[in-house]
Amino acid sequence: MININDIQNKRIAVLLSGGVDSSVVVYELASMGLHPDCFYIKIGPEQQEEWNCSSEEDLEMATAVAARFGCKLQVVDCHQEYWSQVTQYTMEKVKAGYTPNPDVMCNRLIKFGAFDQKIGHDYDLIATGHYAQTEMIDGKKWLVTSPDPVKDQTDFLAQIYDWQLKKALFPIGHYVKNEVREIAEREHLINANRKDSQGICFLGQIDYNEYLRRYLGEAPGDVIEFETSKKIGQHKGLWFHTIGQRHGLGFGGGPWFVVKKDVAKNILFVSKGYDPQTAYKSVFTIHDFHFLTEPVAMDRVTFKIRHTPEYHPGTIVALSDGRYRMQADQSIHGVAPGQFCVVYDEHHHRCFGSAEIVWDE
């Protein structure tokens, strides 16, 4: 929970999306007698005239909430930065066979990045509706988890820079989602019952595979059964598939799981069965570890490889080349290169940072 004494003399910018979470952020600050400046970040796909992610309804909701609490609202256009940085990152990773996370990079490059360069540098704190918290430990600011295991978003914040974390403010991070909804309903906020946004923002209403097809095209190749080396069909492009995928493969005689990609030979490897062991992994390598606050000695940790409520216990070992080897206590389904492995302390409270999973050698 935020202490009013820590923020009352600070200049605060709120990133107001029009959703219920960021709206309750404005309420929380206003209830402390503060009147932060609100900003609506306009982002979206490359061709705005086709897919309008920054909908009129979002902006209408944000405008109404800001007016309700006597805060000014300014639209900040980060469309070009989003395309050139986040979308481009996503397409390049996918084309190389990886499984990227654009939401992670959006926080680093846009919400706490491009926005800060345009406007945020004039403010002491940038407040968002993330379900995350911060804590001062030995005089340093750390990212710590939310009490809501389902909504906790520390994994999406685990690539932001230390200077961005110092400016970050999460006024609803100590709540669970139901409490935020209850506050919105009690205060009769205009969007109290609005559904949470889903999917990747730059897509708008378009199907993800259709987006990949439009920008990367198709590159047919063989689909091989991993255990027998038998060809069972063809894929239309490795980028249409991710390791651990079962649905939407379209091959008969299954079910089939994607278990490996050979990018150089353009081969997709699959295993047959409802839960094949080849879809699991307990040891994998991560590189380019990004420490949030400062480097720490890590041994017994908990970690995530995707946005789920579960934290996996394991042991992390530093390798001589600067990479790390993660040894999970139990095998994990769908470990894919390109995913971010987000590392926490043993009690999954303090987030140390994250690193990208790399291909097996």
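Up top you'll find the structure we're talking about.
Keep in mind that what you see is a predicted model, and the values were worked out from it rather than measured.

Chemist: Got a sec to walk through helix α8 (residues 208-216)? Specific residues and values, please.
Modeler: Those residues of α8 not exposed but buried are Y211, L212 and L216. Projected down its long axis, α8 shows its buried positions confined to an angular sector of 100°, all on one face. On the buried face of α8, the contacting elements are α4 (79-95). Count one or two residues on from α8 and you reach G217, which has phi positive near 75°.

Chemist: Lay out the environment of P171 with the relevant residues and their values.
Modeler: Relative to the helices and strands, P171 resides in the loop between β7 (168-169) and α7 (177-186). Taking the relative accessible area as the measure of exposure, P171 reaches 2% and is therefore buried. Taking the C-alpha atoms as reference points, P171 and Q8, 163 residues apart in sequence, are found 13 Å from one another. If we skip the residues at most four places from it in the chain, P171 touches I2, V25, E28, L29, A127 and T128.

Chemist: Before we move on, can you summarise the sheet that holds strand β9 (residues 231-235) with the specific residues and values?
Modeler: Here four strands make up an open sheet; going across it, the order is β9-β8-β11-β10 and the pairing mixed. The outermost strands of the open sheet, each flanked by one partner alone, are β9 and β10 (256-262). Each strand of the sheet is rotated relative to its neighbour by a mean of 30°, with strand direction disregarded. Note: strand β8 (residues 221-225) against strand β11 (residues 267-272), three bridges, orientation parallel. Counted as the bridge partner of I224 is F269 from β11.

Chemist: Explain the nonpolar core to me, using residue names and the numbers behind them.
Modeler: Ranked by size, the top nonpolar core spans 36 residues in total, and within it F39, I110, F115 and L143 carry the most contacts. Elements supplying a minimum of two residues to this core: β1 (12-15), β2 (37-42), α4, α5 (102-118) and β16 (340-344). If we ignore the near neighbours within four places in the chain, the residues touching L143 are A132, Q133, T154, L157, L165, F170, L292, H349, R350 and C351. Counting 30 residues, the second largest nonpolar core, distinct from the first, contains I12, L29, L125 and Y175.

Chemist: Outline the packing of helix α2 (residues 20-30) against α7, listing residues and values.
Modeler: It is the contact of α2 with α7, at a shortest axis distance of 10 Å, that shows an interaxial angle of 65°. Comparing the axis directions of α2 and α7 gives the class roughly perpendicular. Judged by the sense of rotation from one axis to the other, the crossing of α2 with α7 is left-handed. Where α2 abuts α7, its residues V20, D21, V24, Y27 and E28 lie against K177, V180, R181, I183, A184 and R186.

Chemist: Lay out the pattern of salt bridges with the relevant residues and their values.
Modeler: Tallied over the full model, the rule gives 14 salt bridges. Here D37 ties to R11 by a salt bridge, and the two come within 3.6 Å at their closest N and O atoms. Note that D37 is positioned in strand β2 and R11 in the loop between α1 (4-7) and β1, a separation of 26 residues in sequence. Here E57 makes a salt bridge to R194, at a shortest N to O gap of 3.7 Å. Of this pair, E57 sits in helix α3 (residues 56-68) while R194 sits in the loop between α7 and α8, and the two are 137 residues apart along the sequence. According to the relative accessible area criterion, R194 is buried, its value standing at 19%.

Chemist: I'd love a proper account of the sheet that holds strand β4 (residues 125-127), names of residues and values included.
Modeler: One open sheet holds the five strands; their spatial order is β3-β2-β1-β4-β7, and the pairing between them is parallel. A single partner strand is all that each edge strand has here, and the edge strands are β3 (73-77) and β7. Bridge count between β2 and β3: five bridges; the pairing is parallel. Within β3, the residue paired with F39 across the bridge is Q74. Packing against the sheet, α3 makes contact with β2 and β3, and its axis sits at approximately 145° to β3.

Chemist: Describe in detail the side chain of Q245, supporting the description with residues and values.
Modeler: Positionally, Q245 belongs in the loop between β9 and β10. By relative accessible area, which is 15% here, Q245 ends up buried. Within the structure, the side chain of Q245 is placed 3.4 Å from the side chain of H241, a separation counted as a polar contact. At a separation of 3.0 Å, a polar atom in the side chain of Q245 contacts the main-chain carbonyl oxygen of H247. When sequence neighbours within four positions are dropped, the list of residues in contact with Q245 reads F240, W256, F257 and V258.

Chemist: Describe in detail the pairing of β1, supporting the description with residues and values.
Modeler: With burial as the criterion, each face of β1 is covered, one bearing I12 and V14 and the other bearing A13 and L15. One ladder, built from three bridges, connects β1 with β4; its direction is parallel. Bridging across to β4, V14 finds its partner in A127. Here three bridges tie β1 to β2, and the two strands are oriented parallel to one another. Residue pairing in the sheet places A13 in a bridge with D37 of β2. Where the polypeptide runs from β1 across α2 and back to β2, its parallel neighbour, the crossover connection is right-handed.

Definitions and cut-offs
Residues numbered from 1 in each chain as written. Predicted model: local features only at pLDDT ≥ 70, side-chain atom pairs only at ≥ 80, totals over all residues. Heavy atoms only, no water. Buried < 20%, exposed > 50% of the residue type's maximum accessible area, 1.4 Å probe, protein only. Helix = DSSP H or I, 4+ residues; strand = E, 2+ residues; numbered from the N terminus. Arc of directions from axis to C-beta. Contact = heavy atoms within 4.5 Å. Pairing = 2+ DSSP bridges. Axes fitted to C-alpha atoms, helices over the stretch in contact; angles between N-to-C directions. Core = buried A, V, L, I, M, F, W, Y, C linked by side-chain atoms within 4.5 Å. Parallel < 35°, antiparallel > 145°, perpendicular 65-115°, else oblique. Left-handed = near helix turned anticlockwise from the far one by under 90°. Salt bridge = Lys/Arg side-chain N within 4 Å of Asp/Glu carboxyl O. Polar contact = N/O pair within 3.5 Å; in protein donor to acceptor, adjacent residues only side chain to side chain. Right-handed = clockwise from strand over helix to strand, strands pointing away.

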